[in-house]
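Here is what each chain is made of, one letter per residue.
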Amino acid sequence: KFGMMIEEYLISRKDLKRVFLLVDYRHKPSEDDLLMFNFMKYYNLDVTIVATKFDKVKQSDRAKNDKAIQETFKLGENDNIVLFSSVSKKGKEEIQNIIEKSLGTN
């Protein structure tokens, strides 16, 4: 029921400007992550992937994680991804800018 409610909201919400899809940067994106991303792309929704917990991944593993995200979602040049850390605040300003731009306040 919850999934159907989310689908209906995303499809029918005329004022929806952008959707943020949160994925865990520590792990390869799940099938559910990919399913949701493809759903949003199918309906031409503007989507930004927010890769959370960036600070939890060692520097030496980040290129591997970036590649896993890129390959799983088959990101194009117009697709947005923000690497985010609630600890260091990395990505916070970038997300704020995306929101402002989507609302036309930037």
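Enquirer: How should the packing of aromatic side chains be read in this particular structure?
Expert: The way to describe two aromatic rings as a pair is by their centre distance and the angle between their planes. The tally for this structure, following the rule as stated, stands at four aromatic pairs. For the pair phenylalanine 39 and tyrosine 43, a centre-to-centre distance of 5.0 Å together with 55° between the ring planes defines the contact as tilted. Note on phenylalanine 39: relative accessible area 15%, which makes it buried. The exposure class assigned to tyrosine 43 is partly exposed, which follows from its relative accessible area of 37%. The rings of Phe39, Tyr42 and Tyr43 are connected pair by pair, giving a single aromatic cluster. Lying over the aromatic face of phenylalanine 54, arginine 62 brings its terminal NZ or CZ to 4.0 Å of the ring centre. If you follow lysine 90 out to its NZ or CZ, it ends over the ring of phenylalanine 54, 5.2 Å from the centre.

Enquirer: Which parts of the structure should I look at to understand a nonpolar patch on the surface?
Expert: Residues Ile11, Tyr42 and Tyr43 make up a contiguous nonpolar surface patch of about 340 Å² in total accessible area. Considering the arrangement of structural elements, one finds tyrosine 43 in the loop between α2 (31-42) and β2 (47-52).

So, how was this worked out
- Residues numbered from 1 in each chain as written.
- Predicted model: local features only at pLDDT ≥ 70, side-chain atom pairs only at ≥ 80, totals over all residues.
- Heavy atoms only, no water.
- Phe/Tyr/Trp six-rings, centres within 6.5 Å; stacked < 30°, edge-to-face > 60°.
- Buried < 20%, exposed > 50% of the residue type's maximum accessible area, 1.4 Å probe, protein only.
- Lys NZ or Arg CZ within 6 Å of the ring centre and 35° of its normal.
- Patch = residues over 30% accessible without salt bridge, like charges linked within 9 Å, V, L, I, M, F, W, Y side chains within 5 Å.
- Areas by Shrake-Rupley, 256 points an atom, 1.4 Å probe, with all protein chains shown as cover.
- Salt bridge = Lys/Arg side-chain N within 4 Å of Asp/Glu carboxyl O.
- Helix = DSSP H or I, 4+ residues; strand = E, 2+ residues; numbered from the N terminus.

Without other data, these values stay purely geometric and don't point to any function.
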